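# A look at the structure
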Amino acid sequence: MVTHHPLAIAELEKEQVQVMWSDSEYQVHAREPADSPKGMGYAGILTSDMFGLRTTLDNYSERLLRIRRKFSEKEVLTSIQQARLEKIDAALEQLGFSTAHWDTEYSLYLRVRKEMERDVLSVDSGPDLTRLRKIRAQEIVKRILESEKEEQKRNEQSASSELEQMNEQWREE
């Protein structure tokens, strides 16, 4: 099979994949990728030697992140640089970069954590801050446990459905 779709190879081991390219003399070459695509995920496959993309982001987002990284590497920022960094951070937050993650539970944690940071900044230190942190921590744990319970219920329903299908097949035989 020949494909340009990363999901088509996402379940394969590296020995099952050949990366093809042509040289300056138009000779076609093939080799195994450096790493197995299995477990890499969509973005990992696209940025690996199999596809060779530098990033999976759009140009605007990539540029914001690059500029932010340059500012972050500096030990001291001028007031103009600090103001620009704050604008970049706000733009990235609007794009979801402060809370986006492939793991939905971790993403949820990041969103709640972001809310907590806003609340914490509005409260002075002391007992109120401690109480607020405890409430937020309990909310996070409660949401995660509810999510795990829902996932377990879905898994049990799926397993039950598969068992019923197997029983049906056995009856037909």
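Refer to the structure above for everything that follows.
What comes next is a walk through the structure. As the structure is a prediction and not an experimental result, all values here were calculated from the model.

## Digging into the layout of surface pockets
What the largest pocket holds in volume is close to 390 Å³. Together, 13 residues line the largest pocket, and Thr3, Val17, Gln18, Val19 and Met20 are the ones closest to its centre. The residue makeup of the lining of the largest pocket, split by class, is 9 nonpolar, 4 polar and no charged.

## A few points about helix α4 (residues 79-94)
The end-to-end C-alpha distance of α4 is 23 Å, a good match for the 22 Å that 16 residues give at a rise of 1.5 Å each. Every buried residue belonging to α4 is among Gln81, Leu85, Ile88, Ala91 and Leu92, and all of these are buried. One side of α4 holds all its buried residues, which, seen down the axis, span an arc of 125°. Residues of α4 that are exposed and point over 90 degrees away from its buried face: Ser79, Lys87 and Gln94. Each element contacted by the buried residues of α4 is listed here: α3 (59-73).

## What about unusual backbone geometry?
One non-glycine residue, tyrosine 26, lies in positive phi territory at about 65°. Summarising the element assignment, tyrosine 26 is placed in the loop between β1 (19-22) and β2 (28-31).

## Let's talk about the packing of α3 against α4
Relative to each other, α3 and α4 sit at 140°, their axes nearing to 10 Å. In terms of axis orientation, α3 runs oblique to α4. Handedness of the crossing formed by α3 with α4: left-handed. Across from Tyr60, Ser61, Arg63, Leu64, Leu65, Ile67, Arg68 and Phe71 in α3, the residues of α4 making contact are Gln81, Arg84, Leu85, Ile88, Asp89, Ala91 and Leu92. Class assignment for the residues of the contact of α3 with α4 results in 9 nonpolar, 2 polar and 4 charged.

Rules and cut-offs
- Residues numbered from 1 in each chain as written.
- Predicted model: local features only at pLDDT ≥ 70, side-chain atom pairs only at ≥ 80, totals over all residues.
- Heavy atoms only, no water.
- 1 Å grid on protein atoms, 1.4 Å probe; cavity = no way out; pocket = protein on both sides within 12 Å on 5 of 7 lines; lining within 4 Å.
- Points joined across faces, edges and corners; volume = space filled by probe spheres on them.
- Nonpolar A, V, L, I, M, F, W, Y, C, P; charged D, E, K, R; others polar.
- Helix = DSSP H or I, 4+ residues; strand = E, 2+ residues; numbered from the N terminus.
- Expected span 1.5 Å × (residues − 1).
- Buried < 20%, exposed > 50% of the residue type's maximum accessible area, 1.4 Å probe, protein only.
- Arc of directions from axis to C-beta.
- Contact = heavy atoms within 4.5 Å.
- Axes fitted to C-alpha atoms, helices over the stretch in contact; angles between N-to-C directions.
- Parallel < 35°, antiparallel > 145°, perpendicular 65-115°, else oblique.
- Left-handed = near helix turned anticlockwise from the far one by under 90°.

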